[in-house]
Amino acid sequence: MAPTPIERIERRGPRLLWPRRSSRLSEEGARGALIAAVSTVVVFGLLLVFVLRSDAWPAVQRQFFNWAHFKRSFPLVLDGFWLDVKLFLVAEVLILVIGLTVAMARSLRGPAFLPLRIITIGYIDLARGLPLLLLILLMGFGIPALRLPGVPNSALFWGVAALVFSYAAYTAEVYRAGIDSVHESQRMSARSIGLTQTQSLWHVVVPQAVRNVIPALLNGFVSLQKDVALVFVLGVREGLREADIYNARTFNYTSYIAAAVLFLLVSVPVARLTDWYTDRDRRRKQAMST
Amino acid sequence: MFILSVWSLWFIWLIWSIWLVLFHQIDETDQSDQTDPRETREPWLVPDARFLPYGHRATLVFETLPGDRIAPEAALAYALAGELGFTDDQVVWVRTGFDDAILSAEKNFDFNLQQYSITAERDEAVDFSDPYYTTAQALVAFPDSAVAGATTLADLKDATLGAQIGTTSLDFIEEVIQPTTAPPVFDTTVDAKSALEGGQIDGLVVDLPTAYYVTAVEIEGSVIVAQFATPSAAPDEYGLLFAEGNSLRDCVNVALAALRADGTLAALEDEWLVAAGGLVVISE
């Protein structure tokens, strides 16, 4: 049985590194593959030779790529890195929920909702306009210094709060772009069958909007996963700070490489997941339009 | 065919630019060898803002005024003079800057005492005597803190103690006090101060001279809770500063050894740094 157009498209699989080609050009494609392979080897080979030939390379290797230091610092950095992962997970859940709430509040129409819109716009401008590090310092050191009764003074708590405060604003804007991308007719049809404004947003617009912006949200995941490390300024012993401490003790930078490896181990799979999802989504849309 | 020619052009350009970079690099290193080393050293002659606190400390806390016997350094100078066979009125004081005393070519003193930590970098420009004081670690906190009444290391086990990154104080907390909570680590004492004020840490461990400065100038209302008897693994050591190659240094070292042996150095430290601050000494 001949494959349907959709099956044919899906068989091709994800194309991350390799541009799509039509079968008519397959001969050209083989030559292209050869050139690509040769040029890749030559370019990266030359770069490697260029770096390794440098007079300073042995010193750099001792300072940055020292295996003995890597082995000694890795367990310490890993220990702190778990805290980063936990902070990331907690912060991300809060960010997704709060971001969506803010975006919905901002998307409500009608004069009665004007104060709500003013508040959300003000919040988004404030949170996106301030450097994250500044927010962390202000909230992490400033609020506990007030010594208000009943307000937690934990550096971890306020570090996460600052991350959520900042990232929820970006995420709200991502959601809002998604909400705006859903055709107006969807909202109008929902209203015409008797749903209230909030109901039509929640049941009709938001599900489509979220699906449209998942790649952008995943992009935010990758970004947040690195930025959680900024809570180190509050004295928190997370991965980057542990690397920092090791560096200050031994004057060797390999601990930073250990931290870099750990951050990459988390962020690269998320990046690939984003690519895979975007690719699948595009193929699905192409299949729908055929 | 067209694609191939574009590719080969691109290759030629790439190899050409790499060679350019290589040659340029060689050119630049040649040039930098010929530049006058004094040009690159010039900024060092500008007074370094980071040393300001030390100058403040000398005047605010120790009150090192020439000729006055009201500071540990002055007392030490007279004790050394006596040991070397001079009378008190033969001691002449001159004022010098902190960095200037290290860097100036003409030294208008036999030796200089301004709490100079002995470091390898400074040792290249000047000579140091044997250390006359080894910094102790101290605990700084607010009087209402949980650690305020601490008299033993066990009292500090459950406390959250902060330290500045890259200091021996951090090693001291982890290796000697060994609290149950890993010590939070800060970039500056100002950050540590914020954490102290916000109640995020119970106390801050610094070396004793820094503790005097921090409590007097940086953290209003804080006190030195105690000094620790155990020194840290790599403490700061203060030495007398001499012009490079000054032969007087050997005589002073002999005198210092004598003062150490007869307990004068320990008595000075106790009088000026422990008793003067009314400090509790935590030994175990």
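Residues numbered from 1 in each chain as written. Chains lettered and ligands numbered in written order. Predicted model: local features only at pLDDT ≥ 70, side-chain atom pairs only at ≥ 80, totals over all residues.

1. A closer look at the overall build of chain B
- Secondary structure assignment for chain B yields 11 helices and 10 strands.
- A total of 284 residues make up chain B; the buried ones form 34% of that total.
- At a minimum sequence separation of 6, the contacts of chain B that also span at least 24 residues come to 71%. (Helix = DSSP H or I, 4+ residues; strand = E, 2+ residues; numbered from the N terminus. Buried ≥ 20, exposed ≤ 12 C-beta atoms within 10 Å, placed from the backbone. Contact = placed C-beta atoms within 7 Å.)

2. Overview of the environment of B:Thr134
Residue and element names in this part refer to chain B.
- Within the secondary structure layout, threonine 134 lies in strand β3 (residues 133-134).
- When the 14 C-beta atoms within 10 Å are taken as the criterion, threonine 134 is described as partly exposed.
- Each C-alpha atom, one on threonine 134 and one on valine 225, is 19 Å from the other, the two residues being 91 residues apart in sequence.
- Once you skip the residues sitting within four places of it in the chain, threonine 134 turns out to touch Pro231, Pro235 and Glu237.

3. As for helix α4 (residues 72-84) of chain B
All names here are of chain B.
- Compared with the 18 Å implied by 1.5 Å per residue over 13 residues, the 18 Å span of α4 between its first and last C-alpha is a close match.
- Burial in α4 covers these residues: Pro72, Ala74, Leu76, Ala77, Ala79 and Leu80.
- Contact partners of the buried residues in α4: β1 (112-117), α10 (248-261) and α11 (264-275).
- Phi for glycine 85, located one or two positions after α4, is positive at around 95°. (Expected span 1.5 Å × (residues − 1).)

4. Structural notes on the interface of chain B and chain A
- Facing the 17 residues of chain B at the interface are 18 residues of chain A.
- Taken together, the elements giving at least two residues each to the side of chain B that touches chain A come down to α1 (2-34), β6 (185-186) and α8 (189-197) of chain B.
- Residue contributions to the side of chain B that touches chain A peak at 4 residues, all from α8(B).
- Looking at the side of chain B that touches chain A, its residues break down into 8 nonpolar, 6 polar and 3 charged. (Nonpolar A, V, L, I, M, F, W, Y, C, P; charged D, E, K, R; others polar.)

5. A look at the nonpolar core
- Counting residues in hydrophobic clusters, the biggest one holds 87 residues, and the most contacted among them are A:Ala91, B:Ala138 and B:Val140.
- The leading source of residues in this core is helix α7 (residues 155-181) of chain A, at 14 residues.
- Discounting residues that sit within four places of it in the chain, A:Ala91 has contacts with A:Val160, A:Leu163, A:Val164, A:Leu224 and A:Val228.
- Grouped together as the second largest cluster of nonpolar side chains are 22 residues, B:Phe111, B:Phe128, B:Tyr132 and B:Tyr133 included. (Core = buried A, V, L, I, M, F, W, Y, C linked by C-beta atoms within 7 Å.)

6. Re the confidence of the model for chain B
All names here are of chain B.
- Averaged over chain B, the pLDDT score is 76; the fraction of residues at 70 or greater is 80%.
- In this model residues 27-68 is a low-confidence stretch, pLDDT under 50, and it forms 36 contacts with partners more than four residues away in sequence or in other chains.
- This complex was scored by the predictor with a pTM of 0.70 and an ipTM of 0.72. (pLDDT = per-residue confidence, 0-100.)

7. So, helix α7 (residues 168-177) of chain B
All names here are of chain B.
- Looking at α7, one finds that the buried residues are Thr168, Ser169, Leu170, Phe172, Ile173 and Ile177.
- For α7, the elements touching its buried residues are β4 (137-141), β5 (161-164), β6 and β7 (203-207).
- Of the residues flanking the end of α7, it is glutamine 178, one or two places downstream, whose phi is positive at about 50°.

8. A short note on the packing of α7(A) against helix α9 (residues 197-227) of chain A
All names here are of chain A.
- Look at α7 against α9: their axes get within 8 Å of each other, and the N-to-C directions meet at 150°. Between α7 and α9, the interaxial angle falls into the category roughly antiparallel. Handedness of the α7/α9 crossing: right-handed. Touching Leu163, Tyr167, Tyr170, Thr171, Val174, Tyr175, Ala177, Gly178, Ile179 and Ser181 of α7 are Val205, Val206, Ala209, Val210, Asn212, Val213, Ala216, Leu217, Gly220, Leu224 and Asp227, all from α9.
- Classifying every residue of the contact of α7 with α9 gives 15 nonpolar, 5 polar and 1 charged. (Axes fitted to C-alpha atoms, helices over the stretch in contact; angles between N-to-C directions. Parallel < 35°, antiparallel > 145°, perpendicular 65-115°, else oblique. Left-handed = near helix turned anticlockwise from the far one by under 90°.)

9. What about the packing of helix α4 (residues 67-107) of chain A against α9(A)?
Residue and element names in this part refer to chain A.
- Remark: α4 packs on α9, axes separated minimally by 11 Å, with the N-to-C direction vectors making an angle of 140°. As the angle between them shows, α4 and α9 are arranged oblique. Handedness of the α4/α9 crossing: right-handed. Here Phe88, Ala91, Glu92, Met104 and Ser107 of α4 lie close against α9, whose contacting residues are Leu201, Phe221, Leu224 and Gln225.
- Partitioning the contact of α4 with α9 into residue classes produces 6 nonpolar, 2 polar and 1 charged.

10. Some remarks on the sheet that holds β6(B)
Residues and elements named next belong to chain B.
- Taken together, 6 strands build an open sheet; the order of strands is β6-β5-β7-β4-β8-β10 and the sheet is mixed. The sheet terminates laterally at β6 and β10 (280-282), the two strands that pair on one side only.
- Sheet topology places strand β8 (residues 223-228) next to β10; 3 bridges connect them, and they run parallel. What sits directly across from glutamine 227, in β10, is valine 281.
- In the packing of helix α9 (residues 208-218) onto the sheet, contacts are made with β4, β7 and β8, and the angle to β7 comes to roughly 125°. (Pairing = 2+ DSSP bridges.)

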